[in-house]
Amino acid sequence: MAGEPIEGQVLVLTAAKASVQPNRLPDLVDRAQALLRPNLEDYRREYERLHADDGLEVFAVEWGHWEELGDELEVTERELSAIRRAHEEQLLRIGRRTDREATFETALEIREPVCIGTNGESERSD
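Here the structure is a predicted model, which is why all the values come from computation and not from measurement.

What follows deals with the packing of aromatic side chains. Taken as a whole and assessed by the stated rule, the structure comprises 2 aromatic pairs. Taken together, the ring pairs connect Tyr43, Tyr47 and Phe59 into an aromatic cluster.

Next up, the structure:
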């Protein structure tokens, strides 16, 4: 499905907030996943994992990480902002479900989240 691992409701909310067409955001998220997924092992080694489940892992990365990825993705600033926001909103949604929203909000004050779809391959340790 387009836009995975970001949930559909998160994509709709994010598209509205980021002034990106709702049908465009899933494709942007897919492009980001195509770049992120092959580097999953690197993220596991280099960054703190905030959450893992059967379909996704979320990592806390340094500020500016998305700008670096944006250069590789060749997207506009608005599109990059929408992708980043989708990852943030997905993390916060997970936080609400797991009663960790305050923890994740605090993490977002100093770092950016990166959500990577795992197709059920997560190594659980959070």
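Here we take up the pairing of strand 2 (residues 56–61). Strand 2 sits mainly inside the fold: 6 of its 6 residues count as buried. Pairing analysis gives 4 bridges linking strand 1 (residues 48–52) to strand 2, with the strands arranged antiparallel. Bridge pairing links glutamate 48 to alanine 60 in strand 2. Between the antiparallel neighbours strand 1 and strand 2 lie 3 residues.

Conventions adopted
- Residues numbered from 1 in each chain as written.
- Predicted model: local features only at pLDDT ≥ 70, side-chain atom pairs only at ≥ 80, totals over all residues.
- Heavy atoms only, no water.
- Phe/Tyr/Trp six-rings, centres within 6.5 Å; stacked < 30°, edge-to-face > 60°.
- Buried < 20%, exposed > 50% of the residue type's maximum accessible area, 1.4 Å probe, protein only.
- Helix = DSSP H or I, 4+ residues; strand = E, 2+ residues; numbered from the N terminus.
- Pairing = 2+ DSSP bridges.

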